[in-house]
Amino acid sequence: MMLFGPGHRACAGCGCAVTIRHVLEALEGKCFVVNSTGCMEVVSTPYPESSWEVPYIHSLFENASAVAAGIETALKSLSREHEGKVVVIAGDGATADIGVQTLSGMMFRGHDILYVCYDNEAYMNTGVQMSGLTPLGAHTTTSPAGKSIPGNLGPKKDMPAIALAHGAKYVATASMAFLADIKKKIRKARDITGPSYIQIHSTCVPGWGIDSARSVEIARLAVETGLYPIFEYENGQLVSVRKIKNRKPVEEYLKVQARFRHLFKDERGKEIIEKIQEIADYNAQYYGLDA
Amino acid sequence: MKKVVEGSVAIAHAVKTIRPDVIAAYPITPQTHIVERLSEYIADGELKSEYVRADSEFSAISILVGASATGARTFTSTSSQGLALMHEVLFNASGMRLPIVMVVANRALSAPLNIWNDQQDSISQRDSGWIQLYAEDIQEAHDLTLQAYKISEDIEVRLPSMVCMDGFILTHAYEPVDLFEDEEVQKFLPPYDPKVYLTTEDPLTFGALATPEYYTEFRYVMQQAMERAKKKIRKVFTEFKEMFNRGEESLISLYKMEDADIAIITLGSLTSTVREAVDRLRDKGIKAGVVKIISYRPFPEEEIRKSLDKVNSFIVFEKDISLGHEGAVFTDVKSVVYHMKDRPSAFGFAVGLGGRDVRESTIEKLIVECIEGRKKEGFYFGDVKRVKEILK
Ligand SMILES: Cc1ncc(C[n+]2csc(CCOP(=O)(O)OP(=O)(O)O)c2C)c(N)n1
Ligand SMILES: [Mg+2]
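Keep in mind that this is a model prediction, so the values were computed, not measured.

Asks: Can you walk me through the overall build of chain B in this structure?
Replies: When you go through chain B residue by residue, the secondary structure sums to 13 helices and 16 strands. Its C-alpha atoms give chain B a radius of gyration of 21 Å, within 12% of the compact-globule value 21 Å for 392 residues. Dimensions along the principal axes, computed over C-alpha positions, put chain B at roughly 70 × 55 × 50 Å. Expressed as a percentage of the 392 residues in chain B, the buried residues total 58%. In chain B, of all internal contacts separated by at least 6 residues, the share reaching a separation of at least 24 is 80%. A total accessible area of about 16300 Å² is found for chain B, and carbon and sulfur atoms account for 50% of it. One finds the centroid of the 49 positive side-chain charges in chain B at a distance of 4 Å from the centroid of its 60 negative side-chain charges.

Structure, rendered in structure tokens:
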């Protein structure tokens, strides 16, 4: 049985749908899903249809962590914890921006909840606006590459560090390019009692301006350039990183996406690319990515 | 068990006997004593509910959305800014037909900041799909809290309820209250049987996306549920009266209306003041009566129309204003008399805003002004001074 069923309306090549399917497979359907407003909710639940073969609730854009806390608390109160793990599946905007307070409260109170952020690096559902996880240099509809400003000027908010600062017992990143790794990490988080946070880099074909057939390959490039470090913290300690053999220059990742196209047009773009390379170099050094 | 207790303690006691599975709340004046007392019951092991100290009212009500959807009986309480912060979630909870019960300790909304009583907070949420019940005194607030669960949890209704009690005036006052016994409550309120809820044994989707093809029907069935709630409220009130020997059987309560020429319509604790003023007017030969609105949503259209059948005029006293128009309750009451043949004259007053004391003498004076034709039909602020000081 498909747990995230066929027939959903996600775009061809949607990385987020792939991510969700594998999250649910790893949990073998023994879970309660709380989904924030966003692409994945909209494509999967057009009444009277639903793609979810697990108990599922969508409430609002910014309250998934609180709703999940309510489910977890109710299961405890009704002695039904055995039914499964409470899992939040939320976009990057829901996670890093508008829902960060409810996420903070949930982690602080120590609820037994697995929080999965599918990170497609912008508000895709409303038409590709900038979020707190939009990377440096990216063109979005609210950080457009213009004549005087070359796209998004800030780096990604460090959500894993924020989760770690709350004392989350398990904090990890993953990528839809490495599905077995997603499943392994989801199972690990499931078996921990308490809050855990997993951020999964997931492509968006229209939002990034990529070829749908190259979705996985482009996600892999983000890892191979060091721009999306894949790591794992247990009890606050870094326990594993995905090593990179012959780290690729960031241009290889940037040049295949329309959202970075403007960076290749002038001197100013070149400077931004240099800064993006610095981020990759920093990641490589900080997490020890180079094999 | 009759005892002199603070209003907040009476509410906490009622909640203790109702035994919600999950309570989530965030502190705000004048709601605090309710949640503090509930916390004490839990700390002392007298109440077994799970209590979540939420990070905001927005989170508190969201937590209850999750808990209620999972099949738990839930409770929260808030006031003013806290209720305003819940606004988005209120529509969501009613739309998912979750029978959450909340006690609102009514308080004014900022700016300017004001922690004192009026009813702008809950009246401003009247379109949110929540049943709204207003209490006149502590006993009624205590009783309505239990009744609200029975109404909301009924499969024919399945809408959340707000029990509104005036902040400070009721939450912080002491009155003798006939407090519930555990066994009475167990007898009156059946265990919560959610019928549809989130479980891995039978996976359901809550909170789907409804396109224009479906959305209207979702709203339509909620409106029908509100209609059914009217019947259910009457039924639950009647059952309550049979068992506890107190309370009303209708969505409104009438006082000296049998031969009244003029009806004074109000809600909440102001009713007691209005009643006193009416008694004084009766002594002077003025045939006034009182219509107390207990259920503001669903609105007691039929009851109010019937109660106004023989009067020449009515006056609404309310503690809110829909800025740019008039008092919300005034508008609602006028809509009910629109189809009457001999439509009574209509007067409305906003009084008691931001905790301004409302005296019997003020109410009496305003009623007399209306009767004597010194006021034209319409809506007024009952008590305005100092405007010049504020404008300068
Ligand atoms: C309070 C509120 N503000 C704004 C919106 C509009 N909105 C809906 S989804 C969305 C973006 C979601 O972005 P993200 O969480 O990254 O998920 P994605 O669509 O990318 O999957 C926005 C801005 C909303 N639904 N609620
Ligand atoms: Mg996104």
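Asks: Would you take a moment to explain the side chain of Thr134(A) for this structure?
Replies: Residues and elements named next belong to chain A. As for its placement among the helices and strands, Thr134 is situated in the loop between strand 4 (113-119) and helix 6 (159-165). With a relative accessible area of 1%, Thr134 lands in the buried category. Here Glu121 takes part through its backbone oxygen, which lies 2.8 Å from a polar atom of the side chain of Thr134. From its side chain, Thr134 meets the backbone nitrogen of Ser131 in a polar contact 2.8 Å long. For Thr134, the residues in contact, after removing those within four places along its chain, are Glu121, Ala122, Thr140, Asn152, Gly154, Pro155 and Lys156.

Asks: Even after reading the chapter, I still don't get the pairing of strand 12 (residues 288-293) of chain B, so can you show me in this structure?
Replies: Side-chain positions along a regular strand alternate between the two faces of the sheet. Residues and elements named next belong to chain B. The element strand 12 is extensively covered by neighbouring structure, given that six of its six residues are classed as buried. Burial along strand 12 is two-sided: the residues Ala288, Val290 and Lys292 and Gly289, Val291 and Ile293 are all buried. Alignment of strand 11 (residues 262-266) against strand 12, held across five bridges, turns out to be parallel. Bridging from a neighbouring strand, Ile264 pairs with Val290 of strand 12. As for the winding sense of the linkage, the β-α-β connection from strand 11 through helix 9 (residues 270-283) to strand 12 is right-handed.

Asks: In this structure, what is going on with the coordination of the magnesium ion (ligand 2)? I would like to understand it.
Replies: Residue and element names in this part refer to chain A. For the magnesium ion (ligand 2), the full set of protein donor atoms is Asp92 (OD), Asn120 (OD1) and Ala122 (O), at a range of 2.0 to 2.1 Å. For the magnesium ion (ligand 2), the donor residues sit on a single chain with the sequence spacing D-x27-N-x1-A. Remark: Ala122 occurs in the loop between strand 4 and helix 6 and Asp92 occurs in helix 4 (residues 92-98); sequence separation between them is 30 residues. Neither residue differs from the other here; Asp92 and Ala122 are each classed as buried.

Asks: Can you help me understand the pairing of strand 7 (residues 161-166) of chain B in this one?
Replies: Residue and element names in this part refer to chain B. Strand 7 sits mainly inside the fold: six of its six residues count as buried. Bridge count for strand 5 (residues 101-106) against strand 7 is six bridges, and the pairing is parallel. Its bridge partner lying in strand 7, Val103 is registered against Val163. Here strand 6 (residues 131-134) pairs with strand 7 via four bridges, running parallel.

Asks: What is the right way to look at the nonpolar core in this model?
Replies: It is characteristic of soluble globular proteins that their nonpolar side chains tend to be buried jointly. Formed by 91 residues in total, the largest nonpolar core has its most connected members in Ile57(A), Leu308(B), Phe314(B) and Val333(B). Residues within four places of Ile57(A) in sequence aside, it is in contact with Val33(A), Val34(A), Asn35(A), Val67(A), Ile71(A), Val65(B), Ala69(B), Met96(B), Leu198(B) and Phe206(B). Core analysis: the second largest hydrophobic core is formed by 51 residues, Ile34(B), Leu38(B), Val177(B) and Ala229(B) among them.

Asks: Explain the site of ligand 1 here, please?
Replies: Around ligand 1, a shell composed of 18 residues is seen, among which Gly93(A), Ala94(A), Tyr118(A), Ala122(A) and Asn125(A) lie nearest. Bordering ligand 1 are residues originating from chains A and B. Between ligand 1 and Asp92(A) there is a distance of 3.1 Å, counted from an oxygen atom to a side-chain nitrogen or oxygen. Within the backbone of Ala122(A), a nitrogen or oxygen atom sits 3.0 Å from an oxygen atom of ligand 1. Contact with the protein chains hides 78% of the accessible area of ligand 1, taken as 590 Å² for the molecule alone. With four residues, the single largest contributor to the shell around ligand 1 is helix 4 of chain A. Grouping the amino acids of the shell around ligand 1 by side-chain chemistry returns eight nonpolar, seven polar and three charged.

Asks: What exactly am I supposed to notice about the interface of chain B and chain A here?
Replies: Accessible area lost upon the coming together of the parts is a frequently used measure of interface size. The interface of chain B with chain A comprises 38 residues on the first partner and 40 residues on the second. For the pairing of chain B and chain A, the buried interface totals around 3000 Å² over both sides, and the portion due to carbon and sulfur atoms is 62%. Summed over the shared surface of chain B and chain A, the number is 17 residue pairs in polar contact (both at pLDDT 80 or more). Among the elements that make up the side of chain B that touches chain A, the one with the highest residue count is helix 3 (residues 57-69) of chain B (eight residues). Here the residues of the side of chain B that touches chain A sort into 21 nonpolar, eleven polar and six charged. Inspection of the sheet shows strand 2 (residues 56-58) of chain A paired to strand 9 (residues 205-206) of chain B by two bridges, in the parallel sense.

Asks: Looking at this model, I keep getting lost on the environment of Asp127(B). Mind explaining?
Replies: Residues and elements named next belong to chain B. With respect to the element layout, Asp127 can be found in the loop between helix 5 (120-123) and strand 6. With relative accessibility at 48%, the residue Asp127 sits in the partly exposed group. With 30 residues separating them along the chain, Asp127 and Val157 place their C-alpha atoms 16 Å apart. A polar atom in the side chain of Asp127 sits 3.3 Å from the side chain of Arg126.

Asks: Looking at this model, I keep getting lost on helix 11 (residues 267-287) of chain A. Mind explaining?
Replies: Along an α-helix, a turn takes 3.6 residues, which lines up residues three or four apart on a common side. All names here are of chain A. Here helix 11 spans 30 Å end to end across 21 residues, near enough to the 30 Å set by a 1.5 Å rise per residue. If you check which residues of helix 11 are buried, you get Gly269, Ile272, Ile273, Ile276, Gln277, Ala280, Asn283, Ala284 and Tyr287. Down the axis of helix 11, the buried set is contained in an arc of 145°. They therefore lie on one face. Among the exposed residues of helix 11, those oriented more than 90 degrees off its buried face are Glu267, Glu278 and Gln285.

Asks: Sorry, what's going on with the sheet that holds strand 13 (residues 295-297) of chain B here?
Replies: Hydrogen bonds between backbone groups are what pair the strands of a sheet, and the pairing can be parallel or antiparallel. Residue and element names in this part refer to chain B. Strand order across the open sheet formed by seven strands is 3-2-4-5-7-6-13, with mixed pairing between neighbours. Looking at the sheet topology across the chains shown, the edges are occupied by strand 3 (50-53) and strand 13. This sheet shows a mean twist of 20° between the axes of neighbouring strands, independent of strand direction. Here four bridges tie strand 4 (residues 74-78) to strand 5, and the two strands are oriented parallel to one another. Directly across from Thr78, in strand 5, lies its bridge partner Val104. Its contacts with the sheet place helix 3 against strand 2 (22-25), strand 3 and strand 4, and it is angled at close to 165° to strand 4.

Asks: Please explain the sheet that holds strand 10 (residues 252-255) of chain B as it appears in this structure.
Replies: Residue and element names in this part refer to chain B. Pairing is mixed across the open sheet formed by six strands, whose spatial order is 10-12-11-14-15-16. A strand with exactly one partner marks an edge of an open sheet, and here the two such strands are strand 10 and strand 16 (378-381). Put simply, the sheet's adjacent strands are angled 20° from each other on average, direction ignored. As defined by bridge partners, strand 10 adjoins strand 12 across four bridges and the pair is classed as antiparallel. Looking at the pairing, Ile252 lines up with Ile293 of strand 12. Where helix 12 (residues 360-371) meets the sheet, its contacts fall on strand 11, strand 14 (313-318) and strand 15 (345-350), and the angle it forms with strand 14 comes to roughly 150°.

Asks: Got a minute to help me understand the confidence of the model for chain B in this structure?
Replies: Low pLDDT marks regions whose predicted coordinates should not be analysed in detail. On average, residues of chain B score 97 in pLDDT, and 100% of them reach the 70 mark or higher. When mean pLDDT is taken per element in chain B, strand 6 of chain B scores highest with 99 and helix 13 (residues 387-391) of chain B scores lowest with 88.

Conventions and cut-offs
- Residues numbered from 1 in each chain as written.
- Chains lettered and ligands numbered in written order.
- Predicted model: local features only at pLDDT ≥ 70, side-chain atom pairs only at ≥ 80, totals over all residues.
- Heavy atoms only, no water.
- Helix = DSSP H or I, 4+ residues; strand = E, 2+ residues; numbered from the N terminus.
- Rg over C-alpha atoms; globule rule 2.2 N^0.38 Å.
- Buried < 20%, exposed > 50% of the residue type's maximum accessible area, 1.4 Å probe, protein only.
- Contact = heavy atoms within 4.5 Å.
- Areas by Shrake-Rupley, 256 points an atom, 1.4 Å probe, with all protein chains shown as cover.
- Lys, Arg positive; Asp, Glu negative; His and termini not counted.
- Charge placed at Lys NZ, Arg CZ, Asp CG, Glu CD.
- Polar contact = N/O pair within 3.5 Å; in protein donor to acceptor, adjacent residues only side chain to side chain.
- Pairing = 2+ DSSP bridges.
- Right-handed = clockwise from strand over helix to strand, strands pointing away.
- Donors = N, O, S within 2.8 Å, 3.2 Å for Na, K, Ca; no water.
- Core = buried A, V, L, I, M, F, W, Y, C linked by side-chain atoms within 4.5 Å.
- Near = heavy atom within 4 Å.
- Nonpolar A, V, L, I, M, F, W, Y, C, P; charged D, E, K, R; others polar.
- Buried area = accessible area lost by both parts, 1.4 Å probe.
- Expected span 1.5 Å × (residues − 1).
- Arc of directions from axis to C-beta.
- Axes fitted to C-alpha atoms, helices over the stretch in contact; angles between N-to-C directions.
- pLDDT = per-residue confidence, 0-100.

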